[in-house]
Amino acid sequence: MYPKVSLINKENKNLVVFERDSNNPLNEGFIIYWAIIKSNKKQLIFKKRLTKISALNKLKRLHEEGWTKTNYLDQAA
C-alpha cells in the first residue's frame, strides 16, 4: 500500500507529505514538499504523483538522510 506519512528534516525547514490517491490508494499517490516559513506557516514547493515503489524508495532515502516522522500531516493541508 502507498505510504501515508509526513517527514520533517533536521533543520525543521522542510516538510514532505506522502498522500494516497483516493482513486488508487494501493498503488499510487502524491509526494508534497512544503517549506516551513514560520512555526505555523507553510508554503507549497511542489506536488508530484508517484507510484508505490517510487514512494517507498524515496521514503527510505529520506530516512537515511535523517528525516523524521512528524504529525504535521493534518496541519499541512
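What this report covers is the structure whose coordinates are included nearby. Just so it is clear, the structure is predicted and the values come from calculations on it, not from any experiment.

Tyr2, Val5, Leu7, Val16, Phe18, Ile31, Tyr33, Leu50, Ala55, Leu59, Leu62 and Trp67 form the largest nonpolar core, which has 12 residues in total. At the level of elements, strand 1 (5-8), strand 2 (14-20), strand 3 (28-38) and helix 1 (52-64) are the ones that each hand at least two residues to this core. Of all the elements, helix 1 adds the most residues to this core, at three residues. Within the second largest apolar cluster, seven residues are counted, among which are Ile8, Leu15, Phe30 and Ile32.

Any two side chains of opposite charge can pair, on the condition that their charged atoms come close. Under the counting rule described, the total for this entry stands at three salt bridges. Residue aspartate 21 is joined to arginine 49 by a salt bridge in which the shortest nitrogen-to-oxygen separation is 2.7 Å. Here the residue aspartate 21 occupies a position in the loop between strand 2 and strand 3, and arginine 49 occupies one in strand 4 (residues 41-51), the gap between them amounting to 28 residues. Judged by its relative accessible area of 42%, arginine 49 is partly exposed. Each of Asp21, Glu28 and Arg49 takes part in salt bridges that share partners, so that together they form one network.

Attention now moves to the environment of leucine 7. Structurally, leucine 7 is set in strand 1. Distance from leucine 7 to lysine 48, taken between C-alpha atoms, is 16 Å for residues 41 residues apart in sequence. Every residue in contact with leucine 7, bar those within four places of it in the chain, is listed here: Asn14, Leu15, Val16, Phe18, Leu59, Leu62, His63, Trp67, Thr68, Lys69 and Thr70.

About the thresholds
- Residues numbered from 1 in each chain as written.
- Predicted model: local features only at pLDDT ≥ 70, side-chain atom pairs only at ≥ 80, totals over all residues.
- Heavy atoms only, no water.
- Core = buried A, V, L, I, M, F, W, Y, C linked by side-chain atoms within 4.5 Å.
- Buried < 20%, exposed > 50% of the residue type's maximum accessible area, 1.4 Å probe, protein only.
- Helix = DSSP H or I, 4+ residues; strand = E, 2+ residues; numbered from the N terminus.
- Salt bridge = Lys/Arg side-chain N within 4 Å of Asp/Glu carboxyl O.
- Contact = heavy atoms within 4.5 Å.

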